[in-house]
Amino acid sequence: MTDNIPLQPVRRPKRNNSKHRHGCCPWSKCCGMCDFRPRTVWLGHPEKREQRYPRNVINNQKYNFFTFLPGVLFNQFKYFFNLYFLLLACSQFVEELRLGDLYTYWVPLGLVLTITIMREAVDEIRCYIRDKEVNSQIYSKLSMRGTAKIKSSNIQVGDLIIVEKNQRVPADMIFLRTSERNGSCFLRTDQLDGETDWKLRLPVACTQRLPTASDLLQIRSYVYAEEPNIDIHNFIGTFSREDGDPPINESLSIENTLWASTVVASGTVVGLVIYTGKELRSVMNTSNPRHKVGLFDLEVNCLTKILFGALVVVSLVMVALQHFAGRWYLQILRFLLLFSNIVPISLRVNLDMGKMVFSWMIKKDSKIPGTVVRASTIPEQLGRISYLLTDKTGTLTQNEMVFRRLHLGTVAYGMDSMDEVQSHVFSAYTQPTHDFPASRTPAATKVRKTISSRVHEAVKAIALVHNVTPTYESNGVTDQAEAEQHYEDTCRVYQAASPDEVSLVQWTESVGLTLVGRDQSSMQLRTPTGQIMNFSILQIFPFTYESKRMGIIVRDESTGEITFYMKGADVVMAGIVQYNDWLEEECGNMAREGLRVLVVSKKSLTEEQYQDFAARYVQAKLSVHDRSLKVATVIESLEMEMELLCLTGVEDQLQADVRPTLEILRNAGIKVWMLTGDKLETATCTAKNAHLITRNQDIHIFRPVTTRGEAHLELNAFRRKHDCALVISGDSLEVCLKYYEYEFMELACQCPAVVCCRCAPTQKAQIIRLLQERTGKLTCAVGDGGNDVSMIQEADCGVGVEGKEGKQASLAADFSVTQFKHLGRLLMVHGRNSYKRSAALSQFVIHRSLCISTMQIYS
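Note that this is a predicted model, so its numbers are computed, not measured.

## Some points on the overall build of the chain
For step 1, the next point in the chain: Looking only at helices and strands, one finds 27 helices and 33 strands in the chain.
For step 2, the next point in the chain: Burial analysis of the chain (859 residues in total) assigns 53% to the buried set.
For step 3, the next point in the chain: Across the chain, contacts joining residues at least 24 apart in sequence account for 71% of those joining residues at least 6 apart.
For step 4, the next point in the chain: Carbon and sulfur atoms make up 55% of the accessible area of the chain, which totals about 38900 Å².

As structure tokens, this is what we get:
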């Protein structure tokens, strides 16, 4: 490979890049709205701000009141086809060139322009109404005079805003307080990053300890926040309280933030606004909408130039036959006007009317009900797609996780045999000695465990190793407090940062072991007999993309036993658990069935072992340098020779008829790429399950790279593989596009399928842009969440799916469908027919005009 390639680096999350991507107006610098800088924000005192910040207004319109008419006319007359007829109509004001009445030239042109302006006006009005609805949402603001109502558009940096449960966060905020007893809250971030996993957020410890929310205005404190940038996964800041004794300083991270466009899923929260308007993370990750012109229109425009060239040649020939006598240059102009039918203005009118008919046929098709055409100018584009780029969560899948299999090595339980698991769990807690099973006594350590005890241990581990929190809501009969006190099953709702974990906890409930309570330091399980088991949470090691596993250390309050439970991906757990001869084979079998596989293990600890670990762990967390490395090293000292308990298989159910739809598209020569913000293992499993990657197809998982040299080596390894699917993460993709953009795109375009995981919204749009530039082929983007809007707007055809993630993608798309399976008929039937009919119509109109012009020349 050569390094001398044209570079086009991706938009990296650097602070100084943000101001360039929004195209700030030339005078915005003087307003202080273009130069993004760090800031110090005082609690509840917007008047103390150091600089002027943008208004908290959402604006998705392409034009404003003053630029609408000039903008629409410019977009029409920048193409030769329309400009030619404008000049032709204007020439009739010259008396010597007039060939007929003015209306014969201006009426057709005016009709076309009127239809175009009306269509653009309707789109702009709809967009304005949607924006106004968002900007007019009412929130509660804390002030010295109490609580006041405020519109979203009037929120300023420094305001203290109260956000209720199931309410959208109106601005980027620091999380200060929550009404939840466990001192935390969950966020739904599907409109921001595409993940349906609920994210756990923690308030600032100092402000959470205050007796009431109004006390926030009585303390002298401020937040230092970094300058606005596009990175939605990281944040750097500090919280300081000056009137404390001594003064309090706390570091702030992503766990203390509430980004705009997310939704509070539990409790009521109070946040300090730090970014508004164009500085919001969600806005900075959304590209401006562009005016889309179909390839067919560009080809007609090119054909018009050829016909105009023929018109000039015919006019010169006619003047030459008259030996250029008299005012021959005036004769050339008159012949140009006389034979102007060679370039027919009726072509534009007929094509526009045809597109309206094709759009109407799409909306009225009973086989794809609910389909909406929002861009009636490009229906023929659907029949010329070469690359289809689709989101995963909510587009290919239903966001519904279902527990499918429990594997213990010698025995496996599927959906049809869960009653056996339930009976084993029941028998484990109905025996008189269930508090002290045989596996705990020294005499039984060498005795092979019974199936019943193995099933019990596996289910107990699954019920403990997670980050799920049960909450209780009023159901009309039982109020919330009573339901929480008596652990009412009908009022319980599980909240978690991953739908996988919720499905596992729901499964343990179905087999008899129910998670009924949890806070920061304890957990309660209910046995089949109704007994409550209490566990103290000593340590939690959350799942990360790098570690691919999560662990928890708990103490059983009834026995005092300390146990370290861990679950994770098979690739990392294989080196942690004790030697066995079935793990790799069974993990492969379950993965081939499209299941997400987790390996569950445990390790018993003595009090001395745990205290030694805890001391080393606290010391590592206090380190200033290489903190993450030292913490990981301490945790790894526990992760040795763990007892393998079981494998779990969870399935993310696909949308209806996803597999046949993808097969139809593949047979039509369309390459399908999956761009998702989800984890690598999850994305790979879904791709296999949906048959985006066929069973016999090799998969090349691109190794994580951070430097130019690593990218060079990995690309060389990828080059040696042929006809294999590519799976790559967003971070590695960023490095490859920075140093080896041309070579990476060349190799990726040769793959039958590509899966990009952990993709930021701007990365999705950049991939589409690179495909368009490198291949010259038409692209179609399909998504259902707010994080897919940039991708949808960048593609030649954007299709939004109305799903659980709302209608934001649907409203921003050119076409909207209710199910992914409708995409097959939309492209294969309507797209193909629209293109064929448009081509036939244009040929008919052009040939008719040529026949008329030939008769004129002859006469």
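## Some thoughts on the packing of helix α3 (residues 80-91) against helix α4 (residues 103-135)
For step 1, the next point in the chain: The contact between α3 and α4 brings their axes to 9 Å, and the two run at 145 degrees. Crossing handedness for the pair α3 and α4: left-handed. Here Phe85, Leu86, Leu88, Ala89 and Cys90 of α3 lie close against α4, whose contacting residues are Tyr105, Trp106 and Leu109.
For step 2, the next point in the chain: The residue makeup of the contact of α3 with α4, split by class, is eight nonpolar, no polar and no charged.

## With respect to the sheet that holds strand β28 (residues 698-701)
Backbone hydrogen bonds hold the strands of a sheet together, and the pairing may be parallel or antiparallel.
For step 1, the next point in the chain: Read across the open sheet, the nine strands follow the order β14-β33-β32-β31-β15-β27-β30-β29-β28; overall the sheet is mixed. Looking at the sheet topology across the chains shown, the edges are occupied by β14 (372-373) and β28.
For step 2, the next point in the chain: Sheet analysis places β14 next to strand β33 (residues 815-817), joined by two bridges and oriented antiparallel. Residue Val372 lies in a different strand from β33, and its bridge partner there is Ser816.
For step 3, the next point in the chain: The sheet contacts of helix α23 (residues 741-749) involve β15 (385-390), β27 (671-675), β29 (724-729) and β30 (753-757), and relative to β27 the element is tilted by about 120 degrees.

## Let's talk about the packing of helix α22 (residues 730-739) against α23
For step 1, the next point in the chain: With their axes 5 Å apart at the nearest point, α22 and α23 run at an angle of 120 degrees to one another. Comparing their axes, α23 and α22 come out oblique. Across the interface between the two elements, Leu733, Cys736, Leu737 and Tyr739 from α22 touch Glu741, Phe744 and Met745 from α23.
For step 2, the next point in the chain: Of the residues that constitute the contact of α22 with α23, the class distribution is six nonpolar, no polar and one charged.

## As for the pattern of salt bridges
For step 1, the next point in the chain: The final tally for this structure, using the stated rule, is 26 salt bridges.
For step 2, the next point in the chain: The partner of Glu226 in a salt bridge is Arg281, and the shortest N-O contact between them spans 3.1 Å. Note that Glu226 is positioned in the loop between β8 (221-225) and β9 (237-241) and Arg281 in helix α7 (residues 281-284), a separation of 55 residues in sequence.
For step 3, the next point in the chain: Arg404 serves as the salt-bridge partner of Glu651, at 2.7 Å between the closest nitrogen and oxygen. Linking Glu651 in strand β26 (residues 643-654) with Arg404 in strand β16 (residues 397-407), this pair joins segments that are 247 residues apart in sequence.
For step 4, the next point in the chain: By sharing partners, the salt bridges in this structure join Asp297, Lys355 and Glu380 into a single network.

## Observations regarding the packing of aromatic side chains
For step 1, the next point in the chain: In the structure shown here, the tally under the stated rule is 20 aromatic pairs.
For step 2, the next point in the chain: When the centroid spacing of 6.0 Å and the interplanar angle of 90 degrees are considered together, the rings of Phe541 and Phe613 count as edge-to-face. Pair noted here: Phe541 is in strand β22 (residues 532-541) and Phe613 is in helix α17 (residues 607-621), with a separation of 72 residues, a long-range link.
For step 3, the next point in the chain: For Phe613, a relative accessible area of 0% gives the class buried.
For step 4, the next point in the chain: Every member of this aromatic cluster is reached through a ring pair, and the members are Phe80, Tyr84, Phe85 and Phe308.

## Some details on the confidence of the model for the chain
For step 1, the next point in the chain: Averaged over all residues, the pLDDT of the chain is 83; the fraction at 70 or higher stands at 90%.
For step 2, the next point in the chain: Low pLDDT (under 50) marks residues 1-33, which in the prediction has 78 contacts with non-local residues, meaning those over four places away or in another chain.
For step 3, the next point in the chain: In this model, residues 433-448 is a region of pLDDT below 50 whose contacts with residues beyond four sequence positions or in other chains number 17 contacts.

## Some remarks on the nonpolar core
For step 1, the next point in the chain: In terms of nonpolar packing, the biggest core is built from 45 residues, with Leu43 and Ile174 touching the most fellow members.
For step 2, the next point in the chain: Put simply, the parts of the chain that give this core at least two residues each are β2 (138-143), β4 (160-163), β5 (172-178), β6 (185-188), β8 and β13 (269-275).
For step 3, the next point in the chain: Considering each element in turn, this core owes the most residues, six residues, to β13.
For step 4, the next point in the chain: Sequence-distant contacts of Ile174, defined by excluding residues within four places in its chain, comprise Val204, Val223, Phe235, Leu252, Asn256, Thr257, Val270, Gly271, Leu272 and Ile274.
For step 5, the next point in the chain: By size, the runner-up hydrophobic cluster in this structure holds 41 residues, among which are Val455, Leu464, Val502 and Val600.

## Some points on the side chain of Asn229
For step 1, the next point in the chain: Inspection of the secondary structure assignment puts Asn229 in the loop between β8 and β9.
For step 2, the next point in the chain: Among the polar contacts listed, one links the side chain of Asn229 to the side chain of Glu226, at a separation of 3.4 Å.
For step 3, the next point in the chain: At a separation of 3.2 Å, a polar atom in the side chain of Asn229 contacts the main-chain carbonyl oxygen of Glu227.

## As for unusual backbone geometry
Across residues other than glycine, the phi torsion is negative in most instances, and most of the peptide bonds are trans.
For step 1, the next point in the chain: Even without a glycine there, the phi angle at Asn166 is positive, about 65 degrees.
For step 2, the next point in the chain: By the secondary structure assignment, Asn166 is in the loop between β4 and β5.
For step 3, the next point in the chain: Even without a glycine there, the phi angle at Asp657 is positive, about 60 degrees.
For step 4, the next point in the chain: Along the chain, Asp657 turns up in the loop between β26 and α19 (658-667).

## Some details on the sheet that holds β9
For step 1, the next point in the chain: Taken together, the four strands give an open sheet; going across it, the order is β1-β8-β9-β10, and neighbouring strands pair in antiparallel fashion. Both outer strands of the open sheet, β1 (39-42) and β10 (248-252), are each paired with one neighbouring strand and no more. Across this sheet, the average inter-strand angle for adjacent strands is 20 degrees, counted without regard to direction.
For step 2, the next point in the chain: Pairing between β1 and β8: four bridges, direction antiparallel. In the sheet register, Arg39 faces β8, and the bridge partner there is Ala225.

## What about the side chain of Thr684?
For step 1, the next point in the chain: When you line up the elements, Thr684 lands in helix α20 (residues 680-689).
For step 2, the next point in the chain: For Thr684, the contacting residues outside a window of four places in its chain are Ile699 and Val727.

## Considering the environment of Arg549
For step 1, the next point in the chain: Here Arg549 is to be found in strand β23 (residues 549-556).
For step 2, the next point in the chain: Each C-alpha atom of the pair Arg549 and Val600 lies 9.8 Å from the other, and the pair is 51 residues apart in sequence.
For step 3, the next point in the chain: Setting aside anything within four residues of it in sequence, one finds Arg549 in contact with Phe541, Pro542, Phe543, Thr544, Met566, Lys567, Gly568, Val572, Met573, Ile576, Glu636 and Glu639.
For step 4, the next point in the chain: Looking at Arg549, its side chain comes within polar contact range of the side chain of Glu639, at 2.9 Å.

## Points about empty space enclosed by the protein
For step 1, the next point in the chain: Applying the stated criterion across every chain, the model contains six cavities of 30 Å³ or more.
For step 2, the next point in the chain: The calculated volume of the largest cavity comes to roughly 50 Å³.
For step 3, the next point in the chain: Arg666, Val672, Leu692, Thr694, Gln697, Pro752 and Ala753 are the residues that line the largest cavity.
For step 4, the next point in the chain: Its residues assigned to classes, the lining of the largest cavity comprises four nonpolar, two polar and one charged.

## A short note on the environment of Leu692
For step 1, the next point in the chain: Tracing the sequence through the fold places Leu692 in the loop between α20 and β28.
For step 2, the next point in the chain: Judged by relative accessible area, which is 4%, Leu692 ranks as buried.
For step 3, the next point in the chain: Setting aside residues up to four positions removed in sequence, Leu692 forms contacts with Leu662, Arg666, Val672, Met674, Ala687, Gln697, Ala753 and Val755.

Each value, and the rule that gives it
- Residues numbered from 1 in each chain as written.
- Predicted model: local features only at pLDDT ≥ 70, side-chain atom pairs only at ≥ 80, totals over all residues.
- Heavy atoms only, no water.
- Helix = DSSP H or I, 4+ residues; strand = E, 2+ residues; numbered from the N terminus.
- Buried < 20%, exposed > 50% of the residue type's maximum accessible area, 1.4 Å probe, protein only.
- Contact = heavy atoms within 4.5 Å.
- Areas by Shrake-Rupley, 256 points an atom, 1.4 Å probe, with all protein chains shown as cover.
- Axes fitted to C-alpha atoms, helices over the stretch in contact; angles between N-to-C directions.
- Left-handed = near helix turned anticlockwise from the far one by under 90°.
- Nonpolar A, V, L, I, M, F, W, Y, C, P; charged D, E, K, R; others polar.
- Pairing = 2+ DSSP bridges.
- Parallel < 35°, antiparallel > 145°, perpendicular 65-115°, else oblique.
- Salt bridge = Lys/Arg side-chain N within 4 Å of Asp/Glu carboxyl O.
- Phe/Tyr/Trp six-rings, centres within 6.5 Å; stacked < 30°, edge-to-face > 60°.
- pLDDT = per-residue confidence, 0-100.
- Core = buried A, V, L, I, M, F, W, Y, C linked by side-chain atoms within 4.5 Å.
- Polar contact = N/O pair within 3.5 Å; in protein donor to acceptor, adjacent residues only side chain to side chain.
- 1 Å grid on protein atoms, 1.4 Å probe; cavity = no way out; pocket = protein on both sides within 12 Å on 5 of 7 lines; lining within 4 Å.
- Points joined across faces, edges and corners; volume = space filled by probe spheres on them.

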